[in-house]
Amino acid sequence: GRLDGGKDSILVSDLGLKQDTEYLLFEFWTRKFLGTFVNAIPLDSVSTVFRCQAYCIREKQPHPQIISTNRHVSCGAVDLRHVSWRENSLSGKSEVVPNDVYTLYLTEPAGYALRKFSCPAAQVMLNKREGAMRVVQIRSERGRVIDWAAEFTRKTDADSTKQKGSR
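Residues numbered from 1 in each chain as written. Predicted model: local features only at pLDDT ≥ 70, side-chain atom pairs only at ≥ 80, totals over all residues. Heavy atoms only, no water.

**A closer look at the environment of T36**
So, point 1. Looking at where T36 falls in the secondary structure, it is placed in strand β3 (residues 32-38).
So, point 2. T36 sits in the partly exposed class, given a relative accessible area of 38%.
So, point 3. Residues T36 and I57 lie 21 residues apart in sequence; the distance between their C-alpha atoms is 9.4 Å.
So, point 4. Not counting chain neighbours up to four residues away, the residues in contact with T36 comprise E22, Y23, L24 and K60.
So, point 5. A polar contact is formed between the side chain of T36 and the side chain of E22, at a distance of 3.1 Å. (Helix = DSSP H or I, 4+ residues; strand = E, 2+ residues; numbered from the N terminus. Buried < 20%, exposed > 50% of the residue type's maximum accessible area, 1.4 Å probe, protein only. Contact = heavy atoms within 4.5 Å. Polar contact = N/O pair within 3.5 Å; in protein donor to acceptor, adjacent residues only side chain to side chain.)

Here is the structure:
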C-alpha cells in the first residue's frame, strides 16, 4: 500500500518478490486490474477520493486465477478458505457476510472463456467480463462458508488450426 505519489515504480526485489517473473497487479480501492509486470511495479497516481492505494500482487499463472475479492483490503486473505485449479475449473470456498454483496475478481486470459459459474448456496448477482478480468458478485442471506466454481472452456492450438483450415 501507499499514501503518496512520490515514486512512479518500485522494484519487485525491494518487496522480496522473484525477479524475471510475471505478476498481476490489482488496486483494491478503485477495483482496477492494472495488468501484468516483470521486475518493476508501475505505480499509478493516488486516487483523490481514497487518498491511498492498496495493491494486490499475484504471480501470474498460465490459466484463470483469483486476483482479489472485495471483502478486505488483504484481497482475499481473510475470506478465501480454499482455491484450486483443476480440469479447467477454478473453484473455492469463501466466507461471506449475511446479505452483503461479495465480489470475486478472476483473470480470464486469452484462450479461455467462462462456460459456467456456479454457487449453490448464494445468488449470483453479476457475472461480466471486463477486459482480461471476470467480475462475479454473489450474495447469501446467511453468513457462512460457501462453495463456488468457475468452469472454463479452452481453445487449443488444434481448435485454431481447424478453424483456419475450414475457411
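**What to know about unusual backbone geometry**
What you tend to see is this: most non-glycine residues have negative phi, and most peptide bonds are trans.
So, point 1. Positive phi, close to 60°, is recorded for R51, a residue that is not glycine.
So, point 2. On the basis of relative accessible area, R51 is assigned to the exposed category, the value being 64%.
So, point 3. A positive phi angle, close to 60°, is found at N99, a residue other than glycine.
So, point 4. As for its position among the elements, N99 is in the loop between β8 (89-96) and β9 (102-107).
So, point 5. Note on N99: relative accessible area 47%, which makes it partly exposed.

**Describing the environment of V136**
So, point 1. For V136, the position within the fold is in strand β12 (residues 133-139).
So, point 2. V136 sits ten residues away from L126 along the chain, and the two C-alpha atoms are 5.4 Å apart.

**Observations regarding the sheet that holds β8**
So, point 1. Read across the sheet, four strands follow the order β7-β8-β13-β10 without closing on themselves; strand pairing throughout is antiparallel. If you trace the sheet from one side to the other, it starts and ends with β7 (80-86) and β10 (112-118), each paired once. The mean inter-strand angle of the sheet, taken between neighbouring strand axes irrespective of direction, is 20°.
So, point 2. As paired elements, β8 and strand β13 (residues 144-154) share eight bridges and run antiparallel to each other. Note on β13: the bridge partner recorded for S94 is I146. (Pairing = 2+ DSSP bridges. Axes fitted to C-alpha atoms, helices over the stretch in contact; angles between N-to-C directions.)

**What to know about the pairing of β3**
So, point 1. For strand β2 (residues 22-27) and β3, the ladder comprises six bridges, and the chain directions are antiparallel. For Y23, the partnering residue across the bridge sits in β3 and is F37.
So, point 2. Connecting β2 to the next strand, β3, in antiparallel fashion are four residues, including R31 with a positive phi near 60°.

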